[in-house]
Amino acid sequence: MNIPLRNESEIAKLRIACKLAADVLDMIEPYVKAGVTTEELNKICHDYMVKKQKTIPAPLNYHGFPKSVCISVNEVVCHGIPSEKKVLKNGDIVNIDVTVIKDGYYGDNSKMYVVGGETNIRSQKLIDVTQECLYRGIRAVKPGVALREIGRTIQNYAEGNGFSVVREYCGHGIGTEFHCDPQVLHYDGGDDGVILKEGMVFTIEPMINAGRRETRLMSDGWTVKTKDRSHSAQFEHQIVVTKDGCEVMTIRPEEEAAGRISRIMHNV
């Protein structure tokens, strides 16, 4: 396993890409409402990235993916393809996953939205628990800790709240490439003995299901749904391991204001 350790110059460039990726999630929020199609949201994101930010939407044409963002609604776990046929309605839960490339460096993040501001109690709890899973995973990061501790922490919290953790998809190293080592599992499935070191950059992006953990890949080759059609939620941040914790490079202003995590995490 070849896990890159990023230097200060690289980290500075990654911070720029990550800030831009986070800005897209803030920008799109007012448009996530009943009656809009996921393709309309894709176009708004695409135009914002390409025309305003001067960034490249990383998903577009990546291994043949046809759109600029992934939009996953309700029972879709991940990699939902935006479509003119998918119209959002009140109560839907929606994940928008944004990755931008700026000057050759990648920024990757996602968050959940609730159409109309309210959904059923179970789905709202799912969203809240999934976000806390991400935050707990982030709080586990510091040099000298086994990589598997992130997954163990997430799995314990998710299952302790009556939810399940998707196994087939995971976080990943990122930097001047979209995906590289290490793979970051969101359950305690082992880690090949990887110990976290300062300069490692990767995503943590737990996918948590309201029902069973099993998934199925649809015929389009991308869209992943829960096998039992239960709702699924996901949050994602890109982080870099620091000397005593980590830096959350894709943190958004409302998260810092809430005080549950901060950009610089001293996880001593």
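Scroll up for the structure.
Residues numbered from 1 in each chain as written. Predicted model: local features only at pLDDT ≥ 70, side-chain atom pairs only at ≥ 80, totals over all residues. Heavy atoms only, no water.

K.L.:
Could you give an account of the side chain of Arg6, with specific residues and numbers?
P.N.:
Relative to the helices and strands, Arg6 is located in the segment before helix H1 (8–28). Separated by 2.7 Å, the side chains of Arg6 and Glu177 make a polar contact. Apart from the residues within four sequence positions on either side, Arg6 is in contact with Ile11, Leu14, Ile174, Gly175, Thr176, Glu177, Cys180, Gly199 and Val201. (Helix = DSSP H or I, 4+ residues; strand = E, 2+ residues; numbered from the N terminus. Polar contact = N/O pair within 3.5 Å; in protein donor to acceptor, adjacent residues only side chain to side chain. Contact = heavy atoms within 4.5 Å.)

K.L.:
For the packing of aromatic side chains, give the residues involved together with the corresponding values.
P.N.:
All chains considered together, the criterion is met by three aromatic pairs. Through pairs of rings, three or more aromatic residues link up here, namely Tyr62, Tyr106 and Phe178. A cation over a ring is seen here: Arg167 above Tyr187, with NZ or CZ 4.5 Å from the ring centre. (Phe/Tyr/Trp six-rings, centres within 6.5 Å; stacked < 30°, edge-to-face > 60°. Lys NZ or Arg CZ within 6 Å of the ring centre and 35° of its normal.)

K.L.:
Explain the sheet that holds strand E12 (residues 224–226) residue by residue, including any values.
P.N.:
Pairing within the open sheet is antiparallel, and its three strands lie in the order E3-E12-E11. The strands lining the two open edges of the sheet, one partner per strand, are strand E3 (76–78) and strand E11 (215–217). Across the sheet, the axes of successive neighbouring strands diverge by a mean angle of 40°, strand direction being ignored. Where E11 meets E12, three bridges bridge the pair, whose relative direction is antiparallel. Across the sheet, the residue bridging to Arg216 is Lys225, located in E12. (Pairing = 2+ DSSP bridges. Axes fitted to C-alpha atoms, helices over the stretch in contact; angles between N-to-C directions.)

K.L.:
Can you break down helix H4 (residues 148–160) residue by residue, with the values?
P.N.:
End to end, H4 covers 18 Å across 13 residues, agreeing with the expected 18 Å (1.5 Å per residue, within 8%). Those residues of H4 lying buried are Ile150, Gly151, Thr153, Ile154, Gln155 and Ala158. In this structure, the buried side of H4 is in contact with helix H3 (121–139), strand E6 (164–165), strand E8 (180–184), strand E9 (201–204) and strand E10 (207–209). One or two steps after H4, the chain reaches Gly162, where phi turns positive at roughly 85°. (Expected span 1.5 Å × (residues − 1). Buried < 20%, exposed > 50% of the residue type's maximum accessible area, 1.4 Å probe, protein only.)

K.L.:
Can you lay out the pairing of strand E14 (residues 237–241) for me, pointing to particular residues and giving the numbers?
P.N.:
In terms of residue burial, E14 counts as a mostly covered element, since five of its five residues are buried. Going residue by residue along E14, you find His237, Ile239 and Val241 tucked away on one face and Gln238 and Val240 tucked away on the opposite face as well. Bridging between E9 and E14 involves four bridges; their strand directions are antiparallel. Note on E14: the bridge partner recorded for Ile204 is His237. In the sheet, E14 pairs with strand E15 (residues 245–248) via three bridges, with the strands oriented antiparallel. Among the inter-strand pairings, Val241 is bridged to a residue of E15, identified as Cys246. The hairpin turn running from E14 into E15, its antiparallel successor, is three residues long.

K.L.:
So what's going on with the environment of Val24? Residues and values would help.
P.N.:
Note that Val24 resides in helix H1. Remark: the alpha-carbon pair of Val24 and Met49, spanning 25 residues in sequence, is separated by 7.4 Å. Setting aside its immediate chain neighbours within four residues, Val24 contacts Cys45, Tyr48, Met49, Gln53 and Val98.

K.L.:
Which residues make up the environment of Gly211, and what values do they have?
P.N.:
Following the sequence through the fold, Gly211 ends up in the loop between E10 and E11. Residues contacting Gly211, with those up to four places away along its chain left out, are Ser164, Asp228 and Ser230.

K.L.:
Tell me about the pattern of salt bridges, and please be specific about residues and values.
P.N.:
Applying the stated criterion across every chain, the model contains 20 salt bridges. With a closest N to O distance of 2.7 Å, Arg15 and Glu247 form a salt bridge. Of this pair, Arg15 sits in helix H1 while Glu247 sits in strand E15, and the two are 232 residues apart along the sequence. With relative accessibility at 5%, the residue Glu247 sits in the buried group. Across the salt bridge formed by Arg260 and Glu132, the nearest N and O atoms sit 2.9 Å from each other. Within this pair, whereas Arg260 is found in the loop between helix H5 (253–258) and strand E16 (264–266), its partner Glu132 is found in helix H3, the two being separated by 128 residues in sequence. With a relative accessible area of 35%, Arg260 lands in the partly exposed category. A relative accessible area of 10% means that Glu132 is categorised as buried. (Salt bridge = Lys/Arg side-chain N within 4 Å of Asp/Glu carboxyl O.)

K.L.:
Provide a residue-level description of the nonpolar core, including the pertinent values.
P.N.:
Ranked by size, the top nonpolar core spans 38 residues in total, and within it Ile138, Val141, Ile150, Phe202 and Ile204 carry the most contacts. Contributing elements (two or more residues each) for this core: H3, H4, E9, E14 and E15. Discounting chain neighbours no more than four positions away, the residues touching Ile204 are Leu134, Gly137, Ile138, Val141, Ile150, Ile154, Val184, His186, Phe235, Glu236, His237 and Ile239. Of all hydrophobic cores here, the second largest spans 22 residues; its members include Ile28, Leu41, Ile71 and Val115. (Core = buried A, V, L, I, M, F, W, Y, C linked by side-chain atoms within 4.5 Å.)

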